[in-house]
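The lines below spell out each chain.
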Amino acid sequence: MSGTAGETNNLLLAITHWPSGPWVKRFSELLPERRCVAERAGIDPASIGYAAAWKHEPGAFAGLPNLKAVFSLGAGVDHLFRDQHLPDVPLIRIVDPDLTLRMGEWVALHVLRYHREYDRYAAQQKQALWRENYDQPAAREVRVGILGLGVLGQHAARVLGTIGFDLAGWSRSPREVPGIACFAGDKELPAFLARTDILVCLLPLTPDTRGILNRDLFSKLARDGRIAGPVVLNAGRGGLQVESDIVACLDDGTLAAATLDVFETEPLSPSSALWLHPRVSITPHNSAMSAPEAVARQVAEQIRRFEAGLPLENLVDRDAGY
Ligand code: NDP
Ligand code: OXD
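First things first, this report covers the structure right here in the doc. Just so you know, the residues in each chain are numbered from 1, in the order the chain's sequence is written. Ligands are numbered from 1 and chains lettered from A, in the order in which they are written. Side-chain atom pairs in this predicted model are given and counted only at pLDDT of 80 or more, local residue features only at pLDDT of at least 70, and totals for whole chains, interfaces and linings cover all residues. Each side-chain value is worked out from all heavy atoms of the structure, with water and hydrogens disregarded.

Details of the site of ligand 2
Phase 1: Around ligand 2, the surrounding shell consists of Trp 54, Gly 74, Ala 75, Gly 76, Leu 99, Arg 237, His 285 and Ala 288.
Phase 2: Here a polar contact is recorded for every N or O atom pair within 3.5 Å, except that within protein the pair must consist of a potential hydrogen donor and a potential acceptor, and residues adjacent in sequence are included only if both atoms are side-chain atoms. Take Ala 75: an N or O atom from its main chain is 2.7 Å from an oxygen atom of ligand 2.
Phase 3: The backbone of Gly 76 places a nitrogen or oxygen atom 2.7 Å from an oxygen atom of ligand 2.
Phase 4: Residue type decides the class: Asp, Glu, Lys and Arg count as charged, Ala, Val, Leu, Ile, Met, Phe, Trp, Tyr, Cys and Pro as nonpolar, and the leftover types, Gly among them, as polar. Partitioned by chemical class, the residues of the shell around ligand 2 number four nonpolar, three polar and one charged. By convention in these notes, a residue is near a molecule or strand provided one of its non-hydrogen atoms lies within 4 Å of it.

Okay, here's the thing in structure tokens:
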């Protein structure tokens, strides 16, 4: 068995849904003095000091007596909490400029798509039809509301603010962000929704936010906007949305369109009505991929900081669930 009793700082990579090979390779380059393994077999459990996880098998960290921290390889941590046996060690999430920039691109792409009526012109092109729309709103006339004013929400707001959109954001605790009308908590949610034409969801999935994107919420979005009707974008988590409500609200006009990157069940079933719905756009949970190159560096730096006696950063609040 590798890993002698004296070693306690090896790294276990507990990854499903993504290929683990690139992660093992990158971590081994960054942390050459220790073993970085994707399997527990053949390694002394007492030699594992850290774990890095993406949708790990529940129980994967049980029986690791020297485990000091678990790192999520993504910004979201709901996947960690599916494990009832999650050890009582610090949980750390990813805050990474590479990931944040990618999300900003995705949000800008899809907000602009609705604002600039991309689908109308794509349909016209198919008919060789030259028809200008002389009633195009300016970005400042379109109200974008961002659910979740954290790292990703605030960056998306900065990108959209540069384009000129009229911005609002909603968070759990009150925030002040220049250039954004800020709303917080359940009490202020209706006022936020009432001034939102394009809703961008960048919330974490927690017991408080599960199913929040439902008919009741959609029915409170603005209906007096300069675009064709309320639009929803969700790149937070699939568990935030009620997919049957999205389809029904699109069909009865409560929503004009939806762009979804995340789904109640992933991969999205081939039989889902969302795939072929004419007003739904789908991306396969890749709005902001975790690139091993960038994300592994973050984790390796944190391990080195921790071993040098410095505090861990981007700690997860277990009570809040994010
Ligand atoms: P942060 O923790 O930085 O921000 C979360 C925001 O959501 C905060 O503003 C927080 O409020 C708010 N929030 C949390 N709970 C509530 C609530 N009950 N009511 C109102 N607001 C709430 O997270 P990130 O911005 O880094 O990431 C957000 C999520 O994006 C991740 O959790 C993940 O699920 C998803 N994600 C998706 C990716 C993809 O590829 N699709 C990629 C990366 C992330 P407060 O400010 O008060 O704390
Ligand atoms: C994340 C994700 O949480 O990719 O980082 O979904």
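Description of the packing of helix α3 (residues 97-115) against helix α5 (residues 151-163)
Phase 1: Convention adopted: a line fitted to C-alpha atoms gives each axis, helices being fitted over their contacting stretch, and angles between N-to-C directions are expressed from 0 to 180 degrees. Strands here mean DSSP runs of E at least two residues long; helices mean DSSP runs of H or I at least four residues long; both are numbered from the N terminus. Between α3 and α5, whose axes approach to 9 Å, the crossing angle comes to 50°. Taken together, the axes of α3 and α5 are oblique relative to one another. Of the two possible hands of crossing, α3 and α5 adopt the one that is right-handed. Contact residues: α3 offers Leu 99, Thr 100, Leu 101, Met 103, Gly 104, Val 107, Ala 108, Val 111 and Leu 112, while α5 offers Val 151, Leu 152, His 155, Ala 156, Val 159, Leu 160 and Ile 163.
Phase 2: For the contact of α3 with α5, a count of residues per class yields 13 nonpolar, three polar and no charged. For classification, angles of less than 35 degrees are called roughly parallel, those exceeding 145 degrees roughly antiparallel, those between 65 and 115 degrees roughly perpendicular, and all remaining angles oblique. Note on convention: near helix rotated counterclockwise from far helix by under a right angle means a left-handed crossing. Clockwise means right-handed. Contacts: residue pairs with any heavy atoms within 4.5 Å of one another.

Structural notes on the site of ligand 1
Phase 1: Around ligand 1 there are 29 residues in total, and Arg 93, Ser 173, Arg 175, Asp 261 and Tyr 322 lie nearest to it.
Phase 2: Leu 149 is positioned with one of its backbone polar atoms (N or O) 2.9 Å from an oxygen atom of ligand 1.
Phase 3: Taking Asp 261, its side chain carries an N or O atom lying 2.9 Å from a nitrogen atom of ligand 1.
Phase 4: For every accessible area listed, the method is Shrake-Rupley and the probe measures 1.4 Å; residues are considered covered only by the protein chains on display. Relative to its unbound accessible surface of 940 Å², ligand 1 loses 93% to contact with the protein.
Phase 5: Looking at the shell around ligand 1, the elements with two or more residues in it are α3, α5 and β7 (166-171).

What about the side chain of Ser 72?
Phase 1: Considering the arrangement of structural elements, one finds Ser 72 in strand β4 (residues 69-72).
Phase 2: Reaching out from Ser 72, the side chain makes a polar contact with the backbone oxygen of Gly 76 at a distance of 2.9 Å.

Re the nonpolar core
Phase 1: Throughout, nonpolar core names a set of buried Ala, Val, Leu, Ile, Met, Phe, Trp, Tyr and Cys residues whose side chains join them through atoms within 4.5 Å. Remark: exposure states derive from per-residue accessible area (1.4 Å probe, protein chains only) relative to the maximum for the residue type, with buried under 20%, exposed over 50%, and partly exposed in between. By size, the foremost hydrophobic cluster in this structure holds 53 residues, and its most contacted members are Phe 27, Leu 73 and Ile 198.
Phase 2: The element best represented in this core is α3, accounting for six residues.
Phase 3: Residues in contact with Phe 27, not counting those within four places in the same chain, are Leu 11, Leu 13, Cys 36, Leu 73, Ala 296, Val 299 and Ala 300.
Phase 4: Counting 29 residues, the second-largest nonpolar core is a separate cluster that includes Ala 168, Cys 201, Leu 240 and Val 247.

Describing the sheet that holds strand β2 (residues 36-37)
Phase 1: One open sheet holds the five strands; their spatial order is β2-β1-β3-β4-β5, and the pairing between them is parallel. The open sheet has two free edges, formed respectively by β2 and β5 (91-92), since each of these has just one partner strand.
Phase 2: Two strands form a pair only when DSSP identifies at least two bridges running between them. Judged from the six bridges that link them, strand β1 (residues 10-15) and strand β3 (residues 48-54) form a sheet pairing that is parallel. Within β3, the position partnered with Leu 11 by the bridge is Tyr 50.
Phase 3: The strands touched by helix α1 (residues 21-30) within the sheet are β1 and β2, with β1 carrying the most contacts at an inclination of about 160°.

Description of helix α9 (residues 292-307)
Since the α-helix advances by 3.6 residues per turn, residues separated by three or four positions end up pointing in the same direction.
Phase 1: What a helix should span is 1.5 Å times the count of its residues minus one. With 16 residues, α9 ought to run about 22 Å at 1.5 Å a step, and its terminal C-alpha atoms sit 22 Å apart, in line with that.
Phase 2: Looking only at α9, the buried set comprises Ala 294, Val 295, Ala 296, Val 299, Ala 300, Gln 302 and Ile 303.
Phase 3: Where the residues of α9 are buried, they touch β1, α1, β3, β4, β5 and α3.

So, unusual backbone geometry
Phase 1: In this structure, the amide linkage connecting Glu 266 to the following residue, Pro 267, adopts the cis form with an omega of -5°.
Phase 2: Following the sequence through the fold, Pro 267 ends up in the loop between β11 (257-260) and β12 (280-282).
Phase 3: Even without being glycine, Lys 55 reaches a positive phi, approximately 50°.
Phase 4: Position of Lys 55 relative to the elements: it lies in the loop between β3 and β4.
Phase 5: Residue class for Lys 55 comes out buried when judged on its relative accessible area of 16%.
Phase 6: Even without being glycine, Asn 314 reaches a positive phi, approximately 55°.

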